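Each chain is listed here by its residues.
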Amino acid sequence: MTNEQSNSEYVTIFLTAESEDVAVHMATALVKKRLIACANVCPGNRSIYEYEGIIQLEREVILFLKTARRHVQNVIDLVKEMHSYDVPCITVLPITDGNPDYLAWVDQQVDA
């Protein structure tokens, strides 16, 4: 794998969930379907936003999902099916560089 490949082919998907149980459920389903190589579940976060004209202060869980870019739309579709929010936060962050061995492992996990 060359650096040029790793610059464009891999992403971290950032999303939030209402609870650790929901986050773990979604992450496990995505790993089992080989759509992501791994997930980091980070509980204990506070989100502040406006919804329907009211400022919300909610406890949420953050997930970081690592995958190949070619799986992004399938990940988004499945997360939206499983998610409890009407409009879940799902954003895609490009991985511009990284450990080539790790990125090769990501490929191996999502395409095995």
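Let me sum up the structure you'll find in this document. (Residues numbered from 1 in each chain as written. Predicted model: local features only at pLDDT ≥ 70, side-chain atom pairs only at ≥ 80, totals over all residues. Heavy atoms only, no water.)

### Topic: the sheet that holds strand β4 (residues 90-94)
Two pairing modes exist for strands in a sheet, parallel and antiparallel, and in both the strands are linked by backbone hydrogen bonds.
At step 1: Strand order in the open sheet formed by four strands is β2-β3-β1-β4, with antiparallel pairing between adjacent strands. The sheet is open, and its two borders are formed by β2 (38-51) and β4, each paired with just one other strand. Recorded for the sheet is a direction-independent mean angle of 30° between the axes of neighbouring strands.
At step 2: Two elements, strand β1 (residues 10-17) and β4, share five bridges in a ladder whose sense is antiparallel. Paired with Thr 12 across the bridge in β4 is Leu 93.
At step 3: On the sheet, helix α2 (residues 20-32) packs against β1, β2 and β3 (54-68) and is oriented at approximately 130° with respect to β2. (Pairing = 2+ DSSP bridges. Helix = DSSP H or I, 4+ residues; strand = E, 2+ residues; numbered from the N terminus. Axes fitted to C-alpha atoms, helices over the stretch in contact; angles between N-to-C directions. Contact = heavy atoms within 4.5 Å.)

### So, a nonpolar patch on the surface
At step 1: On the surface, a cluster of nonpolar side chains totalling about 330 Å² of accessible area is made up of Ile 48, Ile 55 and Leu 57.
At step 2: Within the secondary structure, Leu 57 is located in strand β3. (Patch = residues over 30% accessible without salt bridge, like charges linked within 9 Å, V, L, I, M, F, W, Y side chains within 5 Å. Areas by Shrake-Rupley, 256 points an atom, 1.4 Å probe, with all protein chains shown as cover. Salt bridge = Lys/Arg side-chain N within 4 Å of Asp/Glu carboxyl O.)

### Details of the pattern of salt bridges
At step 1: This structure, assessed with the given rule, holds two salt bridges.
At step 2: In this structure, Arg 70 engages Asp 107 in a salt bridge whose closest nitrogen and oxygen atoms are separated by 2.8 Å. Taken as a pair, Arg 70 in the loop between β3 and α3 (72-82) and Asp 107 in helix α4 (residues 100-110) lie far apart in primary sequence, 37 residues in all.
At step 3: With a relative accessible area of 45%, Arg 70 lands in the partly exposed category.
At step 4: Asp 111 is the salt-bridge partner of Arg 70, the closest N and O atoms lying 2.2 Å from each other. Within this pair, whereas Arg 70 is found in the loop between β3 and α3, its partner Asp 111 is found in the segment after α4, the two being separated by 41 residues in sequence.
At step 5: Judged by its relative accessible area of 44%, Asp 111 falls in the partly exposed class.
At step 6: Residues joined in a network through salt bridges with shared partners are Arg 70, Asp 107 and Asp 111. (Buried < 20%, exposed > 50% of the residue type's maximum accessible area, 1.4 Å probe, protein only.)

### A closer look at the pairing of β2
One face of the sheet, then the other: side chains in a regular strand alternate in exactly this way.
At step 1: Here β2 runs beside β3; their pairing, made up of 12 bridges, is antiparallel. Bridge pairing in β3 links Asn 40 to Phe 64.
At step 2: Remark: two residues form the turn of the hairpin made by β2 and β3, two consecutive strands paired antiparallel; Glu 52 in that turn has positive phi of roughly 55°.

### Some thoughts on the packing of aromatic side chains
At step 1: One pass over the full model with this rule turns up two aromatic pairs.
At step 2: Note on Tyr 102 and Trp 105: the rings are 5.6 Å apart at their centroids and 35° apart in plane angle, and the pair reads as tilted. Of this pair, Tyr 102 and Trp 105 both sit in helix α4, three residues apart, which is roughly one turn of that helix.
At step 3: Of the residues examined, Tyr 102 reaches a relative accessible area of 29% and is grouped as partly exposed. (Phe/Tyr/Trp six-rings, centres within 6.5 Å; stacked < 30°, edge-to-face > 60°.)

### Focus on the layout of surface pockets
At step 1: Taken as a whole, the largest pocket spans an internal volume of roughly 320 Å³.
At step 2: Thr 16, Tyr 49, Tyr 51, Gln 56, Glu 58, Arg 59, Glu 60, Tyr 85, Asp 86, Val 87, Pro 88 and Cys 89 together form the lining of the largest pocket.
At step 3: Breaking the lining of the largest pocket down by element, the ones donating at least two residues are β2 and β3.
At step 4: The greatest single-element share of the lining of the largest pocket, amounting to four residues, is contributed by β3. (1 Å grid on protein atoms, 1.4 Å probe; cavity = no way out; pocket = protein on both sides within 12 Å on 5 of 7 lines; lining within 4 Å. Points joined across faces, edges and corners; volume = space filled by probe spheres on them.)

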